[in-house]
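# An overview of the molecular structure
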Amino acid sequence: MHMFLSLPQSVAQVPAASDPVLCLQTVFRPLYILRLGHMDTKGLVRALGEESLLRHVLSINEEGLRRCEENTKVFGRPISCWTCLVDLEGPPRLPVLWTLVSPFIDENTRKKFLIYAGNDYQGPGGLVDYIDKEVIPDFLGGDCMCEVPEGGLVPKSLYRTAEELENEDVRLWTETIYQSASVFKGAPHELLIEIIDASSVITWDFDVCKGDIIFNIFHSKRAPQPPKKDTLGAHGITSPGGNNVQLIDRSWMLGLDYSMVESPLTCKEGESVQGSHVTRWPGFYILQWKFHSMPACAATNLPRVDDVLATLQVSSHKCKVMYYTELEDWALP
């Protein structure tokens, strides 16, 4: 089975065979060839993690766009897309998977795919109708000798545990301007923003990567005590990973020591949330991401930390968010 995406019409330039990315030029469009059927995809996922593979795919997309920009300048005509040729020879269930997945792909996107089964790509209507035979890879019946290794099995000794992969995902995300945080039942993550001048604007952008959370914004005239990081550590238990900070002391009373300035916002797993708040008073604003309990277990009399201890082993009682905040001055007209 072979998949051809974004069909070109002819070939204008062939790069050196040693090009590690193997980008050919089709109507000045870059062509990326991926021998996915000869890869140990399960081993790659277990050894690298989904996040690392996603980063690699994004880098391929960025490389394709970069080459499109270069060709636009070189050939003096707009080149706005590139082509991906995927060799899926090997896995027997891929035709069935495509049948199941394709209905969920947007029709306009689906029309950009051309799929061959067996040796159909070598006959009429095959690759030669879209790419010159001299630049079709030899392993697809063309004349271009491409030294693309078939790969092999990833040694199981390189497999990583679920915890290692999660920590790696966090590290990859935190290489950006976004920060990661873990939210536990009874242990929200809180962020402090000090406002000197009223009428400032607090903006936020966050993704709920795991679980459901409730997002709150509070204001207090009092400065919270130094952040309590990894509250579970005080009880001799190591936090399962991720950043977790509490600022609101359990002795504080809502409406007396601090107040809510925005209505609580319930956010589901997978949602991306952006927003802003114009501050009315100077002081200390606290952004809070709190575990969203299901109605059946919403009521509890356990203290915050004790609640965590009681449910620590339950994976469903952990959430993860990636967030970015910014503070701006707002000049009134």
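Residues numbered from 1 in each chain as written. Predicted model: local features only at pLDDT ≥ 70, side-chain atom pairs only at ≥ 80, totals over all residues. Heavy atoms only, no water.

By the naming in an unreviewed UniProt entry, the chain is CRAL-TRIO domain-containing protein, taken from Anguilla anguilla.

## Let's talk about the sheet that holds strand β15 (residues 272-278)
The condition is simple: By definition, two strands form a pair when at least two bridges between them are found by DSSP. Secondary structure counts use DSSP, requiring at least four H or I residues in a row for a helix and at least two E residues in a row for a strand, with both numbered from the N terminus. In this description, a line fitted to the C-alpha atoms serves as the axis of each element, helices being fitted only across the stretch in contact, and the angle between N-to-C directions of two axes falls anywhere from 0 to 180 degrees.
Judged by pairing direction, the sheet is antiparallel, and its four strands sit side by side in the order β7-β17-β9-β15 without closing on themselves. The outermost strands of the open sheet, each flanked by one partner alone, are β7 (179-184) and β15. Within this sheet the neighbouring strands show an average axis-to-axis angle of 30°, counted without direction. Pairing analysis gives seven bridges linking strand β9 (residues 200-210) to β15, with the strands arranged antiparallel. Within the sheet, the bridge partner assigned to D205 lies in β15 and is Q274.

## Concerning helix α2 (residues 50-75)
What counts here: Multiply 1.5 Å by the residue count of a helix minus one, and that product is the helix's expected span. Note on classification: 1.4 Å probe, protein chains only; a residue is buried when its accessible area is under 20% of the maximum for its type, exposed when over 50%, partly exposed between these limits.
Along its 26 residues, α2 runs 37 Å from first to last C-alpha, staying within 8% of the 38 Å computed at 1.5 Å per residue. For α2, the complete set of buried residues consists of E51, S52, I60, E63, G64, R67, C68 and N71. Positive backbone phi, at 70°, marks G76, one or two positions downstream of α2.

## With respect to the packing of aromatic side chains
Threshold: The criterion for an aromatic pair is that two Phe, Tyr or Trp rings (for Trp, the six-membered ring) have centres within 6.5 Å, with stacked assigned to planes under 30 degrees apart, edge-to-face to planes over 60 apart and tilted to the rest.
Scanning the entire structure with this criterion turns up seven aromatic pairs. Ring geometry for F215 and W289: centres 5.3 Å apart, planes at 45°, overall tilted. Pair noted here: F215 is in strand β10 (residues 213-220) and W289 is in strand β16 (residues 283-291), with a separation of 74 residues, a long-range link. For W289, a relative accessible area of 0% translates into the label buried. Ring pairing ties together the aromatic residues W204, F206, F215, W289 and Y323, which thus form one cluster.

## With respect to the side chain of D205
Definition in use: Counting of polar contacts relies on pairs of N or O atoms within 3.5 Å, with two restrictions inside protein: one atom must be capable of donating a hydrogen and the other of accepting it, and residues adjacent in sequence are counted only when both atoms are side-chain atoms. Contacts: residue pairs with any heavy atoms within 4.5 Å of one another.
Examined against the element boundaries, D205 turns out to sit in strand β9. Within the local environment of D205, its side chain forms a polar contact with the side chain of Q274, the two groups lying 3.1 Å apart. Aside from chain neighbours lying at most four places away, what touches D205 is Y178, S272, V273, Q274, M322, Y323 and Y324.

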